[in-house]
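Remarks on the overall topology
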Amino acid sequence: MLTGSGISSESGLPTFRGVGGLWRTHKVEELASPAGFAADPHLVWTWYNERRAAHLRAQPSPAHEAIAALEERFERFAVATQNVDGLHLRAGSRTVYEVHGSLREARCTGCAARMALDAPLPLDAIVHACGGSWRPDIVWFGEALPQDVWKKARAAAEDADLIVVVGTSGLVNPAAALATHFGRHAVRVEVNPEPTVFTPHAELSIRATASAVLPHVV
């Protein structure tokens with residue numbers, strides 16, 4: 001299973017560019033890149049504190065719950081997700097590869113210490129005792145995916161008999177390559193209300209939301 005922001009939008013979470021107004025007045029590089037963080041960490045944390053608060057308010061959708069239920073019925077089952085909201089885990093999924101990281105934690109740029117983000121990070125607490133800075137533990141533009149998680153997701157795709165692609169445009173690589181390249185020997189099914197870049201690779205495309213389809217599959 002490969003999921004993207006579309007499945008989380010069914011939980012009321014806006015897609016990547018939809019939270020708050022900062023995207024309308026700032027370039028993406030200012031809010032989601034190492035250079036942007038170095039230039040204005042207060043601005044970046046204002047944005048991510050808002051996103052994290054939205055994640056904590058959201059509840060898993062029927063699609064998240066259906067995916068967790070499907071895992072109980074198969075010996076081999078994994079979810080690779082581009083989402084950083086943790087909703088798959090909250091729905092009960094166990095084998096989840098968060099290839100873009102997670103907003104549940106921050107990590108230090110200096111010593112690699114980690115800290116749970118159960119509440120917004122105070123803007124006066126960005127600097128860590130070691131002299132580094134706390135940053136969200138997610139993959140920013142220009143950064144490599146976490147290699148341990150990526151290797152597991154890639155192996156699952158290469159071993160898959162069936163890959164269901166849910167709520168993703170197929171534009172974001174290398175995550176999209178799990179279905180288009182590494183999973184090319186599997187039967188591939190797309191669940192998305194609109195045609196996507198992935199559509200030509202799918203043996204079956206279902207034009208509906210995941211919450212309208214996956215509970216019926218269960």
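The structure this text deals with has already been given above.
Residues numbered from 1 in each chain as written. Predicted model: local features only at pLDDT ≥ 70, side-chain atom pairs only at ≥ 80, totals over all residues. Heavy atoms only, no water.

Quick look at helix α8 (residues 147-159)
Using the following cut-off: Strands are runs of DSSP state E lasting at least two residues, helices are runs of H or I lasting at least four, and both sets are numbered from the N terminus onward. For a helix, the expected span equals 1.5 Å multiplied by the number of residues minus one. We call two residues in contact whenever any of their non-hydrogen atoms come within 4.5 Å of each other.
For α8, built from 13 residues, the straight-helix expectation of 18 Å at 1.5 Å per residue is met to within 8% by its first-to-last C-alpha distance of 18 Å. Packing partners of the buried residues in α8 comprise β2 (79-81), β3 (96-98), β7 (162-166) and α9 (177-182).

Looking at the sheet that holds strand β8 (residues 187-191)
Applicable threshold: Pairing between strands requires that DSSP locate at least two bridges from one strand to the other. Orientation is described by axes fitted as lines to C-alpha atoms, over the contacting stretch for helices, and by angles from 0 to 180 degrees between their N-to-C directions.
Taking strand neighbours across the sheet as the criterion, the six strands line up as β3-β2-β1-β7-β8-β9 in an open arrangement whose pairing is parallel. Edge positions in the open sheet fall to β3 and β9 (204-206), since each of these has one partner strand only. In the sheet, strand β1 (residues 2-3) pairs with β2 via two bridges, with the strands oriented parallel. Residue pairing in the sheet places Leu-2 in a bridge with Ala-80 of β2. The strands touched by α8 are β2, β3 and β7; relative to β3, the strand with the most contacts, the crossing angle is about 130°.

A closer look at unusual backbone geometry
The line we're drawing: Burial status follows relative accessibility: with a 1.4 Å probe on protein chains alone, a residue under 20% of its type maximum counts as buried, one over 50% as exposed, and anything between as partly exposed.
Backbone torsion omega between Asn-173 and Pro-174 reads 10°, so that peptide bond is classified as cis. In this fold, Pro-174 is placed in the loop between β7 and α9. Of note in this structure, Ala-112 is not a glycine but carries a positive phi near 70°. Judged by its relative accessible area of 53%, Ala-112 is exposed.

Some words on the packing of helix α6 (residues 62-71) against helix α10 (residues 210-217)
Note the threshold: Oblique is the label for any angle not covered by the other classes, which are roughly parallel (under 35 degrees), roughly antiparallel (over 145) and roughly perpendicular (65 to 115). In a left-handed crossing the near helix is turned counterclockwise from the far helix by less than a right angle, and in a right-handed crossing that turn is clockwise. Gly falls in the polar group here, along with every residue not listed as nonpolar (Ala, Val, Leu, Ile, Met, Phe, Trp, Tyr, Cys, Pro) or charged (Asp, Glu, Lys, Arg).
Where α6 meets α10, the closest approach of the two axes is 8 Å, and the angle between their N-to-C directions is 25°. The orientation of α6 with respect to α10, classified from their angle, is roughly parallel. Considering the relative orientation of α6 and α10, their crossing is left-handed. Across from Pro-62, Ala-63, Ala-66, Ile-67 and Leu-70 in α6, the residues of α10 making contact are Ala-210, Ser-211, Leu-214, Pro-215 and Val-217. In terms of residue class, the contact of α6 with α10 is made up of nine nonpolar, one polar and no charged.

Structural notes on the pattern of salt bridges
Oppositely charged side chains are able to pair whenever their charged atoms sit close together. So the rule is basically this: We define a salt bridge as a contact between a side-chain nitrogen of Lys or Arg and a carboxyl oxygen of Asp or Glu at a distance within 4 Å.
All told, the structure shown has ten salt bridges when counted by the stated rule. For Glu-98, the salt bridge is made with Arg-104, and the minimal N-O distance between the two is 2.9 Å. Classification of Glu-98 as buried rests on a relative accessible area of 14%. Overall, Arg-104 belongs to the partly exposed group, its relative accessible area being 28%. The salt bridge involving Arg-207 is made with Glu-190; its shortest N-O contact spans 3.2 Å. On the criterion of sequence distance, the pair formed by Arg-207 in the loop between β9 and α10 and Glu-190 in strand β8 is long-range, its members being 17 residues apart.

Quick look at a nonpolar patch on the surface
Note the threshold: Only residues above 30% relative accessible area that lack a salt bridge enter a patch, with like-charged residues linked at up to 9 Å and the nonpolar side chains Val, Leu, Ile, Met, Phe, Trp and Tyr linked at up to 5 Å. Areas reported as accessible are Shrake-Rupley estimates using a 1.4 Å probe. Residue values count occlusion only from the protein chains shown.
Judged by side-chain polarity, Leu-171, Val-172 and Val-197 come together as a nonpolar surface patch covering roughly 270 Å² of accessible area. Position of Leu-171 relative to the elements: it lies in the loop between β7 and α9. Classification of Leu-171 by relative accessible area gives exposed; the value is 61%.

Quick look at the sheet that holds strand β6 (residues 134-138)
Strand order in the open sheet made by the three strands is β5-β4-β6, with antiparallel pairing throughout. Lying at the two open borders of the sheet, with one neighbouring strand each, are β5 (114-116) and β6. Going from strand to strand, the sheet's axes swing by 40° on average, the running direction of each strand aside.

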